[in-house]
Structure formats: structure tokens, C-alpha cells
Amino acid sequence: MKEYTITVFSENNIGLLNEVTIVFSRRKINIESLTVSESEVKGVSRYTIVVFSDEKKIENVVRQLEKIIGVFKALYFKAEEIVHQEVALFKIANSPKLNGNLEALIRRQNAKILTVNPDFLVIERVGYKAENQELFNELEQYGVLQFARSGRVAVSCQKKEFTSYLKELSH
Amino acid sequence: METATKAENIKEMNNTGETLSGAEILVRSLIQEGVDTMFGYIGGAIMPVYDALYDYQKELKHYMSRHEQGATHSAQAYARLTKKPGVCFTTSGPGATNLLTGLADAYLDSTPMVVITGQVPSGLLGSDAFQETNMVGLSMPVTKWNFQITKVEEIAEVMAKAFYIARTGRPGPVLIDITKDAQVQKAEYKYERCKGIRSYQPVPKLNMDEILAAAELINSAKKPMILAGQGILLSGAEQELMEFAEKTQTPVACTLLGLSSFPTDHPLYVGMLGMHGNYGPNMNTNQCDVLIAIGMRFDDRVTGDTSKYAKQAKIVHIDIDRSEHNKNISVDVPVLADAKQALTELNKVVSGSEREEWMQSFKDYYQLEYEKVIEKQTHSSRERINMAEVIDCLSEKTNGEAVLCTDVGQHQMTSARYYKFKNPNTQVTSGGLGTMGFGMPAAIGAQIADPNATVVSVSGDGGFQMTIQELAVIRQYKLPVKSIVLNNSFLGMVRQWQDLFFEQRFSYTEMDNPDFVKIVEGYGIKAKRVSKREELQDAIQEMIDFPGAFFLEVVVETESNVLPMIAPGAAVSEMRLE
């Protein structure tokens, strides 16, 4: 089992997310993370899906995803074929005990403070999942009230871009 | 008068700019798509549509089933014979959920359907209203596409899209769920047929490199073999297949759904593939050097153990659905194309000469199968009639020219093995899903599609009782459907597995059956039972000659198994003859 990142481009239609996830669930593939948002083309959604599986299965999954009416293109990538990040937000209770150590930690971790108010502060960090996890572990001593992380967003290293696929399709 | 006026103006009904109810727009959409026949069952949430249908009885003939599952199977058979989408109407809730088996069946067997389900008013969606079920959610895994209409303005465009998707590319079922308020709202009627969808490419652009790569393999083959699937029938490539086989002198084996795509009396025909197929094509799958699979999907019932499937062969796989390439079997040359398109191109560049020795190996295997199985079954010395005797006799009496609709089980495999199909598209069966209860309602749809054909349904005693209520449709519309039940008082195929693989522990497969003849007579249909061999020929002749519907129950041997057989998990070349 290896980690694969699957990118799907689809119409922004009701129910399509459901159709996409059915392809995974019927093969009992768990989705580790899923991000859906508008792509560089207006009205076209980009999905970034992270799974652990084997390549043969993922090849089949990608073809079955492309078969869905409303899906333009589905591609899969190994870790080295993409550049990816996730966003993490940490909510920490504000208290007089917070000191310069926290500030140093935030600097060292390349994180930043988004907001501070009398009750809490919110720290943001963009990075790999493991890095954000590490910050969480270090912040725990200050009491983390909430820890929210996004799914992965990824761009591929391949030369052919989605817009050229889209052009081919509209012929 | 109203109806007559509408009929006359049928051609101009397209863009009149009239303001119509959603229900009427829906009905006119069907007419625009060339629909003249449909199946269904009325209920609360679809009543406005049925009310609109009342005015269009001349243009649209609606056949009322007795259970929604029956309507779907009839529509499926209608679709397979006419190659037009089969259309079904049902109400919401239970009416709609009863369709699911038919949708799943049509999805696996690539049958075009447009199924319309009523839905509760849009304001009640999600509230657990009376007879509300989430049909879009439920049908998603078993449809090619589905959509819920909640506004009258959506109807014409969505219907156009539904028909386009159902019939193009690899065909499949589409479900349109339409809320009751959308059926009664009014809008201007303007219909345009769908010409394309940007995220859907039904006909792949033929890649000549693939064709040439395939041709190179084919032309260098010494022991090639063709696996012909339903794709041949769906694309109407029977002639192209014949030309291809003859040019390359390649033996042709059919999958279950590919039966009738190649004439059984052709010298290059070598039989059926798969678990209960013929011995030769299965054994030789692991002997051939080039396997040419056309419009088939390497189902596990065809391949057996995939790790021991045709390992010695180079495989060419022609299919219109890219997701079928390398799905079950890794292939050497995938050709993404419609079967007819690919064969037309291939026929320009392929050749071959007679392969006496190779063809002889099929004949030798057939001889072995004949001695060990076929002769014993078609000329049984046992007291009871064997299923094979019935199908053999039926084949002979109908000259292989009937439309044969089968259910699922031993009788289905026996029909597939022993009926000698002459004409294309004359077998309708439930292949992928294996739906018991499919056969008789399918025969209804087939008879409606081809009123002059001799349509025969063959069922077992188990499956027949799953949709027995559809006899009322035969009665109501006076359809001359011939129905045969091969009664062994068992779920025969399951019994066979219990016999072979479960130490003869016959757990819940024996059936204490009703008097079928009396039941069928209750529907006003002529019925007969035979249990003696000497009565069989005459009874089948009487059935065929009878001018209307006829039911024939044949009491057959219980202990007989369908052979040869590839045991589950075994390799194709491990097929057993006894």
C-alpha cells in the first residue's frame, strides 16, 4: 500500500461528490483527505483526494472516475510527482502564562498568528501534514482548544495542464 | 378530438412556444425522442404525468405492469431488441425502489433505459414525507446518470440529456426523478435534442496506432481466437465480425450476452465461453497465441482464475469503455473504440489463411464434450426429461429463429448451450446481475418490440414465481408470448453447487410448488404440463403453433447438473466434463 494523490476535475453539480466517493467506497478504499474547490476554470471543481492503495487498483479507480458523467479528467500521482501542502489552524486559550517561548516556537515553525483577543489566539501554519502535527504536539503544553487542518491541496509536476485537456474535450 | 388534433401536429409540436404543464412537456419530450412504447405503474407522485399521457394514447402506448420490477425487465428487453432506450414510469417511494433491481441489471448489461420516477413536492424534499425516498442517492451506483428535476423549466433539457446519455457510447440506464410540483407548474415548451455534453465523450476518437498494433498481432497469429461479446450486438457489428473472422480464419467464441452475434451454424463458430460454456473455447483460451476480445469485459464467469487466464497469449481488447481495459485482465493492445468502428478499420488491414490443425483442436474438444455431456443430456436414458432435451427440441422446432428470453439458473445455461441461434439479437437474458424473475417480463417486452416474432421465455420454477404476476400483462394486452417452465422442484443451480461444493447439504433449495397450470389458467392463458418424454415434441409443437399466449410446464429431472463446468476459482483449462 502506497500513498496516492488523485486529482479530479468535474462540473460543479449537485451529487457529483457523492458519485466520486462511491467509486472509492465500493472498493473499500478509505479516503484520507479530500479537498474540493473551484479550479482555475470557472465552474469546474478540482478535487484532491489522498488514499492508501496499490497502483493497479488506483489505475482502475481513476478510469472509473473518468466514466462519471460530469467528470472531465481524473489523474493519479505518487508523492514525488506533486507539490502539496495543507493548512492548519490552532486555537489556544489566551492567558498571562503565554510567554516568549510561544513566540519563538511560532517563528521557528514558520507559523503565524492570525488573530489575538482576550480569550484566545489563533495560529496558522501551512505545510506538510507531519509538520503541522509536530506543531500541534509542541503547542499542547499551552492547551490547544481546537486544531483544524484542511485536506491536501496539490499541483502536479506534469507538463500537460487541465486547460489543455479541457480544450481537447470541447472539440 | 383533442387527441386527434395533437396527433396530426406531432411534427410541429417541437417549438410551438406554447405554455404547457411539466407533465405534458415530459410526455412531448418522449415523443420528440422517438418513444412510442413505455412500461410502468401509476401512483400518487406521478399522477400528473399519467393524466397527460391520457391525451397522447395514440402516440404513446403504455403497458401497465403488475410490479415495477416487471416493468423494468420488459423495458430492458424492448430496448435490447429495438436498440432504443426502454422507458419506464413509476411513482415515488416503493414504486421507485422496486425499480432498483432492473436498473442494476441494465447497468451491468449495458442496456439503454430512461426511467422516470415521481417524487414528493420539492418543498417536502428531505422531510421524510409520505412515499419519499432519496432516489437519486439510491440509484447512483446503478445508473449511468441520474437527475432530480424540481422546476418545470428543467424538464425539456434534462430529458434530452437523459436520452442522449442512455443511448450513446456504452449504453446504460438513466433515472430522472421529478417532483410533483414540477409536473404541474407551467412553462413555455421548447425542445432541442442534446448534441453533446462537454464532460462526456461517448464515441472515442479512433487511434490508428492501436488498430495497427492490433493488426500486427492478429496477422502474425498462428492460433488466434475471437471472444465476441455483447458489444458486437450493441454496435450492430455482426457483419463486420463475420468478415473479420473469415478474413483472418479465426474461430469465434461468444460470451453469454454475445450469443447470437455470430451464427451458430458457421464453420468458424466454436461455442460459448465461461463457467458453463463449451469445452473447446474454454480449454483453448489457455492454448491460443492471440486472444481478440471484442465488446466484452472479462467477467469472472468468463475468466475463472485470472492468474491462470490466457497467460501464454497476447491479448487485444476492443472496447468502447476505457475503464474496462486492464480492469480484470492485463491486455497487450487495448483498442478504445466502438466494435463496428474498430472492426471496419481492422478489416482493411488483416488477413490469414486456413488453420486446419487449430480448428481441428476445437472439433476434438467438441467431440469429447459431445460424448461425455451433450449426447447424454439430449438423448437421456434417465426416466425424467433432461432440460437439454427441451431446449434441443425447442431449437429444432423454431429453427433457431425464436427470440429466446431466459431467466437465471440451470435452464438459462442449458438454453445458452443448446439453442442454436440463427439471427442476431435473439437472446435476451440477465447476464451480469443474474436476476431471477427476469425472463418472463423480458419476453413481454420482446414481444411488444417485435409483435411478429416467436418469443419464448424459458424459466425455472424458482424464477418464474418471482415475477409470476406479470402474466396479467400477457393477458391484458393479448400478447402471444410462449412461456416454458422447466420444473425440477428445486433451485437447480444452487442445488448443483450444493451437490458439488457443499457436500450435498441441500439447504433450502427444495420447493413445494403450486399447480402452475391452474395458476396460469387463472390468468386466462392456455396452459399445459408434460412429464413424459414421448409427449414433449408434440407439446412444444402445439405451443409454437398456438395463435396466442401459451404456457408449457415441463417436469424435468432434479438430479441433473449443467456440465461442463469451471468450478468457482478454477482456471478455464480446468473445466470439468463430469
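Residues numbered from 1 in each chain as written. Chains lettered and ligands numbered in written order. Predicted model: local features only at pLDDT ≥ 70, side-chain atom pairs only at ≥ 80, totals over all residues.

(A) The overall build of chain A, seen in detail. Scanning chain A from terminus to terminus reveals five helices and nine strands. Principal-axis analysis of the C-alpha atoms gives chain A an extent of 65 × 35 × 30 Å. Considering chain A as a whole, with its 171 residues, one finds that 29% of them fall into the buried category. Of all intrachain contacts in chain A linking residues separated by at least 6 positions in sequence, the fraction that spans at least 24 positions is 74%. (Helix = DSSP H or I, 4+ residues; strand = E, 2+ residues; numbered from the N terminus. Buried ≥ 20, exposed ≤ 12 C-beta atoms within 10 Å, placed from the backbone. Contact = placed C-beta atoms within 7 Å.)

(B) Looking closely at the domain arrangement of chain A. Split by domain assignment, chain A resolves into domain 1 (2–81 + 161–169) and domain 2 (83–149). The centre of domain 1 of chain A, based on its C-alpha atoms, is set 31 Å off from the matching centre of domain 2 of chain A. (Domains from an automatic or database assignment.)

(C) Representation of the UniProt feature "domain: ACT" (unreviewed entry) in chain A within the structure. The UniProt record marks residues 5–79 of chain A with the feature "domain: ACT" (unreviewed entry), using the residue numbering of this structure. A distance of 7 Å separates the end C-alpha atoms of residues 5–79 of chain A, which is 31% helix and 44% strand. (UniProt positions renumbered as here; feature names shortened; annotations may be inferred.)

(D) Main features of the sheet that holds strand β7 (residues 173–179) of chain B. All names here are of chain B. Spatial ordering of the open sheet is given by β3-β2-β4-β5-β7-β6, a layout of six strands whose pairing is parallel. Lying at the two open borders of the sheet, with one neighbouring strand each, are β3 (61–64) and β6 (145–149). Each strand of the sheet is rotated relative to its neighbour by a mean of 20 degrees, with strand direction disregarded. As judged from the five bridges shared by strand β4 (residues 86–90) and strand β5 (residues 113–119), these two strands associate in the parallel manner. Its bridge partner being in β5, F89 is matched across the sheet by I116. The strands that helix α6 (residues 100–108) touches are β5 and β7; relative to β7, the one it contacts most, it runs at about 145 degrees. Along the sheet, helix α8 (residues 155–167) makes contact with β5, β6 and β7, crossing β7 at roughly 165 degrees. (Pairing = 2+ DSSP bridges. Axes fitted to C-alpha atoms, helices over the stretch in contact; angles between N-to-C directions.)

(E) Focus on unusual backbone geometry. Residue and element names in this part refer to chain B. Cis geometry marks the peptide bond from L563 to P564, where omega comes out at -5 degrees. Relative to the helices and strands, P564 resides in the segment after β20 (550–555). Within the chain, S110 stands out as a residue other than glycine whose phi angle is a positive 50 degrees. Mapped onto the elements of the fold, S110 is located in the loop between α6 and β5.

(F) Representation of the domain arrangement of chain B within the structure. Residue and element names in this part refer to chain B. Segmenting chain B into domains produces domain 1 (2–188), domain 2 (208–362) and domain 3 (381–555). Between the C-alpha centres of domain 2 and domain 3 there is a distance of 30 Å. With 13 residues of domain 2 at the interface, the matching set in domain 3 holds 15 residues. In terms of residue class, the side of domain 2 that touches domain 3 is built from six nonpolar, four polar and three charged. (Nonpolar A, V, L, I, M, F, W, Y, C, P; charged D, E, K, R; others polar.)

(G) Structural context of the packing of helix α4 (residues 68–82) of chain B against helix α19 (residues 439–449) of chain B. Residue and element names in this part refer to chain B. Contact geometry of α4 with α19 gives a least axis separation of 7 Å together with a crossing angle of 40 degrees. The angle between the axes of α4 and α19 places the two elements in the oblique class. Here α4 and α19 pass one another in a crossing that is right-handed. Facing G70, H73, S74, A75, Q76, A77, Y78, L81 and T82 of α4, the residues of α19 in contact are P441, A442, A443, I444, G445, A446, I448 and A449. Broken down by class, the residue content of the contact of α4 with α19 amounts to 11 nonpolar, six polar and no charged. (Parallel < 35°, antiparallel > 145°, perpendicular 65-115°, else oblique. Left-handed = near helix turned anticlockwise from the far one by under 90°.)

(H) Structural context of the pairing of strand β17 (residues 455–460) of chain B. Residues and elements named next belong to chain B. Along β17, six of the six residues are buried, which leaves the element largely enclosed by surrounding structure. Across the two faces of β17 the burial is the same, with V455, S457 and S459 and V456, V458 and G460 all buried. As paired elements, strand β15 (residues 403–406) and β17 share four bridges and run parallel to each other. Residue pairing across strands places C405 opposite S457, the latter belonging to β17. Bridging between β17 and strand β18 (residues 482–487) involves five bridges; their strand directions are parallel. Note that in β18 the partner of V456 across the bridge is K482.

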